[in-house]
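# Secondary and tertiary structure notes
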Amino acid sequence: MARRRRGGGGGGDSRKPTPSEQQSQPQTGKKAQQKREKEKAKEKEKEKDNEKEKKSLDFNDASNLKKLKREKKNWSCIDSCCWFIGSICSIWWFLLFLYNAMPASFPEYVTTAITGKIPDPPGVKLQKEGLKAKHPVVFVPGIVTGGLELWEGHPCMDGLFRKRLWGGTFGELYKRPLCWVEHMSLDNETGLDPPGIRIRPVSGLVAADYFAAGYFVWAVLIANLASIGYEEKNMYMAAYDWRLSFQNTEVRDQTLSRMKSNIELMVATSGEKVVVIPHSMGTLYFLHFMKWAEAPPPLGGGGGVNWCAKHIKVVMNIGGPLLGLPKIVAGLFSAEAKDIAVARAVAPGVLDKDIFGFQTLQHAMRMTRTWDSTMSLIPKGGDTIWGTLDWAPEHGHDCSTMKVKPNDTLPPKDQNKKGNFHASKVNYGRIISFGKEFAALHSSKIDRVDFKDAKKGYNFGNTTCRDAWNEYHDMGIPGVEAILDYKVYTVESVLDLLQFVAPRMMKRGSAHYSYGIADDLDDRKYQHYKHWSNPLETRLPDAPEMEIFAMYGVGLATERAYIYKFTPGADQCYIPFQIDTSADGGIEESCLKSGVFSVDGDETVPSLSAGFMCAKGWRGKTRFNPSGIQTYVREYDHAPPATLLEGRGTQSGAHVDIMGNFALIEDVIRVAAGANGKDLGGDRVYSDIFKWSERIKLRFQSSRCESFGSRRRGGIEAMRSKILTSDEGSREIWAVDDDLRATALGLLDGKGE
């Protein structure tokens, strides 16, 4: 029987390891330890990876988010733009969805909650009062507000037949600027269409209801008139190509004949005279039309001396520059005004340097100097109306909306310290001054050298800028220096200045417009059509029952005079003169800001130009208004919109925004419904227009020669009408003196004056 092994109770191996086994045991332990260390290292790496993943997912931690933004290297500018555009589009569509999903009354509820109860528009208000459409209404738009469309053009305008090149979206301006400038320009010699180009005015009420999408001109007034029963059959938009001279609108498009025929048709069908509402330059255009309608052919419409009396009830001029615009002087001289000058100062080079091959101001000057209509806006009446070197009717005007209160810390005498352009120091008669010092000096201290006979020196030999050519390129340095040596210019010397710098433009302009004051209105030269749009060189019609309103905004700083500087250019295409935007009055209430002297007006038309004729020149029976047509001045004091929800404002006095002024619209509707000036309360004045008008020394009464000529002309016209309408008249002609009889017979034969 085998003996049991010692310690064998557990079934374990009690055998001692061999030497080889003893050597393998420590190696196996090392491998296990290394394996464990590797596993621990892998676990640590996994923990690090998990921490990184956790960091990448933890967007709520602001510090981690900043680290991620810093670590992110693939985000580009294009991604940012796409994200921004996508966000805007998403928000826009979301708001549009909400707007269409909400009840129709909700926007009005929100607006009312913010601004209070909105008053009824004038049309709705007056419709509730029982007013109804009575007199047909004729709208006469002004410069730039009427749409123009393409009828024939060069290959660069293919596919745009009857598409708007002016008004609307202005898309073609951005797509093909040089081609657009070429088509919008007129022939520099004839003032008509260039060869191969035909651009014509848009017809109908849509011609000038909106200048661009969302920017109304006549639309608000039309909508309010519609509220009391007006529609297209008794409203007429007398659209015309506002680039052309007034007489050329008839030569090319027969626009004046169309206006006359439409007015006659509206009067015949309604049995009522028309209410005419011109705006801006349209006031000058309609003044020309009234003379044209009565004048004999071929220059006139042949309506006779009673045409206006038979067809026109009232003319309601809105923002009418009847005596011209100082602003147009800056536009023709240097292709700028205050807003453009300031923009150029803020972003130098954008407007006057070659950006993407388009020299903006140079091309604008070349184009606008072909628009003969702009020359109708040159100031009229010379120094008698606008002032001399040391006098102007607006002298002493306070340019602040409120009087400047004395400063308690300074003595009163320091309030008007040297260098500040207060009202008493502003020389408005100096419409252009080269340097701030010459704008303030007394005329006796200014040494001027006449420029009219100066020799021009052409020094631009190459043709690098011929596509942006303007007449400065023919002047050279000697011509520029001659202009600088004259130093200060009044309105009368500005005419000579424009003749010097732009002779071709002024040659065309002098054939269509005149800017003086008539000594004798019976002089035969004033029968020419170039005098018809100047209220100081022509008479109003013989229509004593007619009324004329001057309706314009006040309370806004309006350009009146300029300080210029010479700016030599680095290339040969520059415009040598610019408004000196560094010239400033020194205090907040100064009349001089950014190189521009301001006066009261509607931001575009000074009150003097808009109101003088109705306040003084045509008031009562004057030689400019022999039949005594009633005139009224209706001013609208500017008030800015209270909130953004009010849009451009219902109490605005600005030149275009006034077309949405509720008070003005109400006045127009009441007159169209049958009221007269007295029913509206007569004059309503906020400015100093009557005081300024009294300061102007102008002869208003007819001379003995003019009075005799007027009676003689009236007698001849009366005989002419009698002879043409009755047999008895043919016998009565022999009862007058021989000279008068011969003149009347000449009229019948079409040979008399």
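Residues numbered from 1 in each chain as written. Predicted model: local features only at pLDDT ≥ 70, side-chain atom pairs only at ≥ 80, totals over all residues. Heavy atoms only, no water.

The protein chain carries the name phospholipid:diacylglycerol acyltransferase in an unreviewed UniProt entry, which gives Lactuca saligna as its organism. Per UniProt, the comment on the protein chain under Subcellular location (unreviewed entry) is "Membrane". What UniProt records for the protein chain under Catalytic activity (unreviewed entry) is the sentence "a glycerophospholipid + a 1,2-diacyl-sn-glycerol = a monoacylglycerophospholipid + a triacyl-sn-glycerol". (UniProt positions renumbered as here; feature names shortened; annotations may be inferred.)

Applying the stated criterion across every chain, the model contains 2 disulfides. Between the sulfur atoms of cysteine 399 and its disulfide mate cysteine 591 the distance is 1.7 Å. On the S-S bond that ties cysteine 399 to cysteine 591, the torsion sits near 100°, and the link is right-handed. Here cysteine 591 lies in the loop between strand S14 (577-579) and strand S15 (592-593) and cysteine 399 lies in the loop between helix H16 (382-386) and strand S10 (432-434), a separation of 192 residues in the sequence. Look at cysteine 591 and you get buried, because its relative accessible area is 2%. Disulfides within the protein chain link the bonded cysteines, taken in sequence order, as 1-2, 3-4. (Disulfide = S-S within 2.5 Å. Helix = DSSP H or I, 4+ residues; strand = E, 2+ residues; numbered from the N terminus. Buried < 20%, exposed > 50% of the residue type's maximum accessible area, 1.4 Å probe, protein only.)

Our focus in this paragraph is the packing of aromatic side chains. For any two aromatic rings, the description comes down to two numbers: the centre-to-centre distance and the angle of the planes. Counted by the stated rule, this structure contains 29 aromatic pairs. Every member of this aromatic cluster is reached through a ring pair, and the members are Phe333, Phe434, Phe451, Tyr486, Tyr489, Phe500, Tyr562, Tyr564, Phe566 and Phe577. The ring centre of tyrosine 215 lies 3.8 Å from the NZ or CZ of arginine 648, which sits over that ring. If you follow arginine 648 out to its NZ or CZ, it ends over the ring of phenylalanine 216, 3.8 Å from the centre. (Phe/Tyr/Trp six-rings, centres within 6.5 Å; stacked < 30°, edge-to-face > 60°. Lys NZ or Arg CZ within 6 Å of the ring centre and 35° of its normal.)

This next bit is on a nonpolar patch on the surface. Taken together, the side chains of Ile91, Phe94, Leu95, Phe97 and Leu98 present a nonpolar region at the surface, about 510 Å² in accessible area. Within the element layout of this structure, leucine 98 appears in helix H3 (residues 77-101). Overall, the relative accessible area of 35% leaves leucine 98 in the partly exposed class. (Patch = residues over 30% accessible without salt bridge, like charges linked within 9 Å, V, L, I, M, F, W, Y side chains within 5 Å. Areas by Shrake-Rupley, 256 points an atom, 1.4 Å probe, with all protein chains shown as cover. Salt bridge = Lys/Arg side-chain N within 4 Å of Asp/Glu carboxyl O.)

Attention now goes to unusual backbone geometry. What you tend to see is this: most non-glycine residues have negative phi, and most peptide bonds are trans. The omega angle of the peptide bond from proline 297 to proline 298 is 10°, so this bond is cis rather than trans. Residue placement: proline 298 occurs in the loop between helix H11 (282-294) and helix H12 (307-311). Phi is positive for alanine 335, which is not a glycine, with a value near 60°. Inspection of the secondary structure puts alanine 335 in the loop between helix H13 (326-334) and helix H14 (338-346). Residue classification places alanine 335 among the buried positions, given a relative accessible area of 10%.

Taking strand neighbours across the sheet as the criterion, the 6 strands line up as S7-S1-S8-S9-S12-S17 in an open arrangement whose pairing is parallel. In this open sheet, the two strands that pair with only one neighbour each are strand S7 (235-237) and strand S17 (630-637). Direction aside, neighbouring strands of the sheet carry axes that sit 15° apart on average. Contacts from helix H22 (residues 662-672) reach strand S1 (137-140), strand S8 (274-278), strand S9 (312-318), strand S12 (547-554) and S17, with the element oriented near 170° to S9. (Pairing = 2+ DSSP bridges. Axes fitted to C-alpha atoms, helices over the stretch in contact; angles between N-to-C directions. Contact = heavy atoms within 4.5 Å.)

It is worth spelling out the sheet that holds strand S4 (residues 198-201) at this point. The strand order S3-S2-S4 describes an open sheet built from 3 strands, whose pairing is antiparallel. If you trace the sheet from one side to the other, it starts and ends with strand S3 (164-166) and S4, each paired once. Taking the axes of each pair of neighbouring strands and ignoring which way they run, one obtains an average angle of 45° across the sheet. Both strand S2 (residues 148-152) and S4 contribute to a ladder of 4 bridges, which runs antiparallel. Directly across from glutamate 149, in S4, lies its bridge partner arginine 200. Of the strands in this sheet, S2, S3 and S4 touch helix H7 (residues 177-184), which is tilted by about 80° from S3.

What follows covers the environment of alanine 439. Among the secondary structure elements, alanine 439 is positioned in helix H17 (residues 436-440). Between the C-alpha atom of alanine 439 and that of tyrosine 489, which follows or precedes it by 50 residues, the distance is 9.9 Å. Among residues more than four places away in sequence, those in contact with alanine 439 are Asn427, Arg430, Ser433, Ile563 and Phe597.

Next up on the list: the pattern of salt bridges. Applying the stated rule across the entire model yields 26 salt bridges. Between lysine 125 and glutamate 666 there is a salt bridge, with its nearest N and O atoms 3.2 Å apart. You can see lysine 125 sitting in helix H5 (residues 122-128) and its partner glutamate 666 sitting in helix H22, a full 541 residues away along the chain. Lysine 125 gets classed as partly exposed once you look at its relative accessible area, which sits at 35%. Of the residues examined, glutamate 666 reaches a relative accessible area of 17% and is grouped as buried.

Attention now goes to the side chain of aspartate 602. Here aspartate 602 lies in the loop between strand S16 (596-601) and helix H21 (607-617). Buried aspartate 602, no salt bridge; nearest opposite-charge side chain is lysine 327, N-O distance 8.1 Å. Engagement of the side chain of aspartate 602 in a polar contact is seen with the backbone nitrogen of threonine 604, the distance being 3.0 Å. (Lys, Arg positive; Asp, Glu negative; His and termini not counted. Polar contact = N/O pair within 3.5 Å; in protein donor to acceptor, adjacent residues only side chain to side chain.)

Locating glutamate 547 in the fold gives a position in strand S12. Look at glutamate 547: it is buried, it has no salt bridge, and the nearest opposite charge is lysine 313 at 4.6 Å. Within the local environment of glutamate 547, its side chain forms a polar contact with the backbone nitrogen of glycine 677, the two atoms lying 3.3 Å apart. Apart from residues lying up to four places away in sequence, glutamate 547 is in contact with Lys313, Val314, Val315, Ile629, Gln630, Tyr632, Asn676 and Gly677.

Turning our eyes to something else, we now look at the pairing of S2. Two strands pair when backbone bridges link them, and S2 and S3 are joined in this way by 2 bridges, in the antiparallel orientation. Bridging across to S3, leucine 148 finds its partner in tryptophan 166.

Core analysis: the largest hydrophobic core is formed by 130 residues, its most contacted members being Met184, Phe289, Ile312, Phe333, Ile432, Ile483 and Val501. Top contributing element to this core by residue count: H11, with 8 residues. The residues touching isoleucine 483, leaving out its near neighbours within four places in the chain, are Phe333, Phe434, Phe451, Met475, Tyr489, Leu497, Phe500, Val501 and Phe577. Counting 38 residues, the second largest nonpolar core, distinct from the first, contains Ala219, Leu225, Met237 and Ile318. (Core = buried A, V, L, I, M, F, W, Y, C linked by side-chain atoms within 4.5 Å.)

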